[in-house]
Amino acid sequence: MAPALALVAPAHAEPADGCLGEEGATVEEARVEQEVPQEILRGSGFDAAVDRFEEELCAASDLDGAGAVVQGHGEALWRDAVERVQAPGEVEGDLSAEDDRPLYWARLAMTSALNRWEPGFALSGSERAELVADLERRSRGQDGEDFAEAPGEADVSHVVVTGFDPFLLDDDIRQANPSGAAALALDGAVLETADGVAVVKAMLYPVRWRDFTDGMVEQSLLPYYTGDQPADAVITVSQGSPGRFDLEAHNGAWRGGFQDNEVLGTPEIIPVPEGVPTVSPQPQWSDSSLDRPAIVEETTGAPFPVFDNTEVTEIPAGGTAPVVRPDGPTPGSEARSGGGGNYLSNEIAYRNTLLRDATEGDVPAGHIHTPVLNLGPGGNISDPAFEEEREAIVRQVEDIVAASIR
C-alpha cells in the first residue's frame, strides 16, 4: 500500500474574482488536491484546461452561459484526451501520451469547481446537478451516438467499446486503468476484422454505484441498440486479474457492495432504472453473446493469455450458502458473482447484456477483463515498464475487439 499523502494546495491558481468556495467537493473530488493528481495534471498540460474552465465558469452571468461553458469544455476535454493518446508525438508536458489519468483528474477538478461555484445569480441544487451531469456525459464520450466515417469503405461495422476510470485510489493514488487507456486509444479507430472494416465508438464510465443506479449505462448504450445507427457489437472492458485476459461468459444480478470511488457500497440486487427496456421478471443471469472460443483461439498469448471464463458463484435453488460453479449457473439459482465478480465490471456487463436481451438485439455483446496494470515502487507517477505494459494491454484489447466482429 502506498504511503498516505497529505493534502496540499492546488497547483492551479484560484480565479481572480474568487467565485469558488471551499465547500462542496465530493470524497472523490477532494483527492484531486493531492500532490500526485496535481503532478499528473501539470505533466500532461491539462492543468491549463482546468484553469480556463474555472475562469470561464466564474465569468458566466446566467445559467445559459454556464451551460455553454460546460458543454464546450466537456466536449473539448474528451476530444483532447483522445487526441493526446492517439497523437503521442504532439502532446504537451512530460507525462507519457497514452495515459488515461489526465482526463480523470481534469474532469474531477472541473466537477469540483462546479460543486464549489458561487455564481452571481440564483442557482438551484437541481440546476447545479444537471450542469455536473452534463460535464460528466460530454467528457466521457457519452454525448453522441454517431460513429466516425471510414473513408472509401461502403460496408462498415460499428462497434461500441467502453472503459472505466481509475479506482482503488486510497490504496495508491497513482492508479491508472488500462481499460480507460484502451477506450481512448480506440475511439474513432478503424479496425481490420475477419468481417471487413469496423469503426469504434468509445466511452468511459465512473467507478461509482450511484451513476449505475441512476441509469447512466442504459441512457448511454440504448441508442446503440435502438437508434438510427445501431452497433454491430457492444463490448464493455475493465481491469481484472494479474497477467491474463478474461472473456466473461455469465453476468450476475448481484452487487457485492465493495466500496467505490466515493467509499460507498451496499450488497443488493442490481437495480434496473425505470423508463428503459428491460426483461421481466429481472433475471439472475445475463450472458455474453461474443464468440468467446473463437476469440480465445485467435488472440491468446499475444502477449497475455486469454481465457473463456465460465465460472460463477451462486446460491443454488433451495440452498442458503454460496457455491462456486466452474461451468456457469444452475437453473433457479441466485447470483452472487458473475465471471467478472460482483463489482462494477460485472454490473456494466449485466446491464449491457440485459439491455441487448430487452431490445431483442442479435449482436455480439460481452465483457473483457484486462490484466492488472502495475506501477513500480518508489512513488513515481510513471516508469518505462508501466508504459510498456499499458501499451501491450491496449494493443491486445484492440486485437480482441477486432476478433469479436465475425
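Everything quoted here is computed from the prediction, not taken from an experiment.

How should I be thinking about the pairing of strand β1 (residues 156-164) in this particular structure?
In the case of a regular strand, side chains alternate between the two sheet surfaces. Burial within β1 is extensive, with eight of its nine residues counted as buried. Direction of pairing for β1 relative to strand β3 (residues 196-205): parallel, over a ladder of nine bridges. By the bridge assignment, Thr162 is partnered in β3 with Met203. Relative to strand β4 (residues 233-239), β1 is paired through four bridges, and the arrangement is parallel. By the bridge assignment, Val160 is partnered in β4 with Val234.

Please clarify how a negative patch on the surface should be interpreted in this entry.
On the surface, Asp80, Glu83, Glu90 and Glu92 cluster together to form a negatively charged patch. Residue classification places Glu92 among the exposed residues on the basis of a relative accessible area of 55%.

Explain the packing of helix α11 (residues 292-299) against helix α13 (residues 384-403) here, please?
Working note: a packed helix pair is described by the angle between its axes plus the distance between those axes. Two numbers describe how α11 lies on α13: the axes approach to 9 Å, and their chain directions differ by 135 degrees. Relative to α13, the element α11 is oriented oblique. The hand of the α11/α13 crossing is right-handed. On α13, the residues touching Ile295, Glu298 and Thr299 of α11 are Gln396, Asp399, Ile400 and Ala403. Along the lines of polarity and charge, the residues of the contact of α11 with α13 split into three nonpolar, two polar and two charged.

What's the story with the sheet that holds strand β12 (residues 323-325) in this structure? I'm lost.
Note: strands within a sheet are paired through backbone hydrogen bonds, in either parallel or antiparallel orientation. An order of β12-β11-β13 is seen for the three strands of this open sheet, with the pairing classed as antiparallel. Unpaired on one side and paired on the other, β12 and β13 (334-337) mark the two borders of the sheet. Mean inter-strand twist for the sheet, computed between neighbouring axes without regard to direction, equals 40 degrees. In this sheet, β13 lies alongside strand β11 (residues 312-315) in antiparallel orientation, the contact comprising three bridges. Directly across from Glu314, in β13, lies its bridge partner Ala335.

Please explain the state of the cysteines as it appears in this structure.
Tallied over the entire structure, the rule returns one disulfide. A sulfur-sulfur distance of 1.8 Å marks the disulfide that ties Cys19 to Cys58. What sets the handedness of the Cys19 and Cys58 disulfide is the S-S torsion sign, and at about -65 degrees it is left-handed. Within this pair, whereas Cys19 is found in the segment before α1 (27-30), its partner Cys58 is found in helix α3 (residues 46-59), the two being separated by 39 residues in sequence.

Even after reading the chapter, I still don't get α11, so can you show me in this structure?
In an α-helix, one full turn covers 3.6 residues, which means residues spaced three or four apart are oriented alike. All of the buried residues along α11 are Arg292, Ala294, Ile295, Val296 and Thr299. Looking at the buried positions of α11, the neighbouring elements they touch are β5 (245-248), β10 (306-309) and α13.

Calculation rules
Residues numbered from 1 in each chain as written. Predicted model: local features only at pLDDT ≥ 70, side-chain atom pairs only at ≥ 80, totals over all residues. Heavy atoms only, no water. Buried < 20%, exposed > 50% of the residue type's maximum accessible area, 1.4 Å probe, protein only. Helix = DSSP H or I, 4+ residues; strand = E, 2+ residues; numbered from the N terminus. Pairing = 2+ DSSP bridges. Patch = residues over 30% accessible without salt bridge, like charges linked within 9 Å, V, L, I, M, F, W, Y side chains within 5 Å. Areas by Shrake-Rupley, 256 points an atom, 1.4 Å probe, with all protein chains shown as cover. Salt bridge = Lys/Arg side-chain N within 4 Å of Asp/Glu carboxyl O. Lys, Arg positive; Asp, Glu negative; His and termini not counted. Charge placed at Lys NZ, Arg CZ, Asp CG, Glu CD. Axes fitted to C-alpha atoms, helices over the stretch in contact; angles between N-to-C directions. Parallel < 35°, antiparallel > 145°, perpendicular 65-115°, else oblique. Left-handed = near helix turned anticlockwise from the far one by under 90°. Contact = heavy atoms within 4.5 Å. Nonpolar A, V, L, I, M, F, W, Y, C, P; charged D, E, K, R; others polar. Disulfide = S-S within 2.5 Å.

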